[in-house]
Amino acid sequence: RSLAHAAPTDPDALLALAEAALAQRDAKLAQNALKQRALLLPEDVQAQTLLGRSLRMGGDVDGAEAAFRRALTLSPGYVEAQAALAALLLARGQFAQADAVYRELALRDETALSGRLGRVEALLGLGKLADAQVQLEAAPEAERATVAYREQAAKLALVRGEVAQA
């Protein structure tokens, strides 16, 4: 805090303060620092994404969604904002919208697994069990050993009533 107070117009100090505040789960402090940074650097995608996280942490889900979408307007392929938006939409029960965002993530090598598994969760929410199964079956063998993959496979089995397979 002292660094940001000593240099209130230093965007790097404000970012460091915001990241520290988020780590401490101090949503208000993070929001204040990120809003100041946004005034200095309105095109900062990272700050918009972190602002979205701090708003969600503070319970302002609509504000969080707006911040994530603003980040994606500035940089349409920004993975952190896409992943955060998709998770938020999923938590809100907006499964079709979440699936659309996860679909984009599944197309990238570095986020293919998280995108595919996010799609499984969204498709389960939509009741599209066959499509969810297709997403699981599309995963390479190496990904099938991950805990996240096994959790989604178990969820699908439970939804299908296949308790023994879960």
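None of the values given here were measured: they were computed from a predicted structure.

This part takes up unusual backbone geometry. Not every positive phi belongs to a glycine, and Arg-25 is a case in point at roughly 65°. Within the secondary structure layout, Arg-25 lies in the loop between α2 (11-23) and α3 (27-40).

Summarising the element assignment, Arg-116 is placed in helix α8 (residues 112-125). Ignoring anything within four residues of it in the chain, the contact list for Arg-116 reads Ala-106, Gln-135, Ala-138, Ala-139, Pro-140 and Glu-143.

In this section: the nonpolar core. Here is a general trend for soluble globular proteins: nonpolar side chains tend to be buried in one another's company. By size, the foremost hydrophobic cluster in this structure holds 32 residues, and its most contacted members are Leu-34, Phe-68, Leu-85, Ala-98 and Tyr-102. Listing elements by their share of this core, those giving two or more residues are α2, α3, α4 (45-57), α5 (61-74), α6 (79-91) and α7 (95-106). Here this core takes seven residues from α6, the largest share from any one element. In this structure, Tyr-102 is in contact with Ala-86, Ala-87, Leu-90, Ser-114, Gly-115, Gly-118 and Arg-119, ignoring residues within four places of it in sequence. The next biggest cluster of nonpolar side chains, apart from the first, holds nine residues, and it includes Leu-117, Val-120, Leu-124 and Ala-139.

Time to look at the packing of α3 against α4. Two elements in contact, α3 and α4, have axes whose closest approach is 9 Å; the angle formed by their N-to-C orientations is 155°. The angle between the axes of α3 and α4 places the two elements in the roughly antiparallel class. Two packed elements cross with a definite hand, and for α3 against α4 that hand is left-handed. Between α3 and α4, the residues in contact are Ala-27, Ala-30, Gln-31, Leu-34, Lys-35, Arg-37 and Ala-38 and Ala-47, Gln-48, Leu-50, Leu-51, Ser-54, Leu-55 and Met-57, respectively. Residue composition of the contact of α3 with α4, grouped by class: nine nonpolar, three polar and two charged.

Relative orientation of the contacting elements α2 and α3 amounts to 155°, with a least axis distance of 8 Å. The orientation of α2 with respect to α3, classified from their angle, is roughly antiparallel. Along this stretch, α2 crosses α3, giving a crossing that reads as left-handed. Contact residues: Pro-11, Asp-12, Leu-14, Leu-15, Leu-17, Ala-18, Ala-21 and Leu-22 in α2; Leu-29, Ala-30, Ala-33, Leu-34, Gln-36, Arg-37 and Leu-40 in α3. Its residues placed into classes, the contact of α2 with α3 shows twelve nonpolar, one polar and two charged.

The next subject is the confidence of the model for the protein. The share of residues in the protein with pLDDT of 70 or more is 96%, and the mean pLDDT across the chain is 92. Averaged over each element, pLDDT in the protein is lowest for helix α1 (residues 2-6) (58) and highest for α5 (97).

This next bit is on α4. With 13 residues, α4 should reach 18 Å at 1.5 Å per residue; the first-to-last C-alpha distance of 18 Å fits that figure. All buried positions along α4 are accounted for by Val-45, Ala-47, Gln-48, Thr-49, Leu-50, Leu-51, Gly-52, Ser-54 and Leu-55. Turning to α4, the residues buried within the fold contact α2, α3, α5 and α6. The residue sitting at the N-terminus of α4 and contributing the capping side-chain oxygen is Asp-44; that oxygen lies 3.2 Å from the backbone nitrogen of Gln-46. One or two steps after α4, the chain reaches Gly-59, where phi turns positive at roughly 95°.

Reading guide: rules and limits
- Residues numbered from 1 in each chain as written.
- Predicted model: local features only at pLDDT ≥ 70, side-chain atom pairs only at ≥ 80, totals over all residues.
- Heavy atoms only, no water.
- Helix = DSSP H or I, 4+ residues; strand = E, 2+ residues; numbered from the N terminus.
- Contact = heavy atoms within 4.5 Å.
- Core = buried A, V, L, I, M, F, W, Y, C linked by side-chain atoms within 4.5 Å.
- Buried < 20%, exposed > 50% of the residue type's maximum accessible area, 1.4 Å probe, protein only.
- Axes fitted to C-alpha atoms, helices over the stretch in contact; angles between N-to-C directions.
- Parallel < 35°, antiparallel > 145°, perpendicular 65-115°, else oblique.
- Left-handed = near helix turned anticlockwise from the far one by under 90°.
- Nonpolar A, V, L, I, M, F, W, Y, C, P; charged D, E, K, R; others polar.
- pLDDT = per-residue confidence, 0-100.
- Expected span 1.5 Å × (residues − 1).
- Polar contact = N/O pair within 3.5 Å; in protein donor to acceptor, adjacent residues only side chain to side chain.

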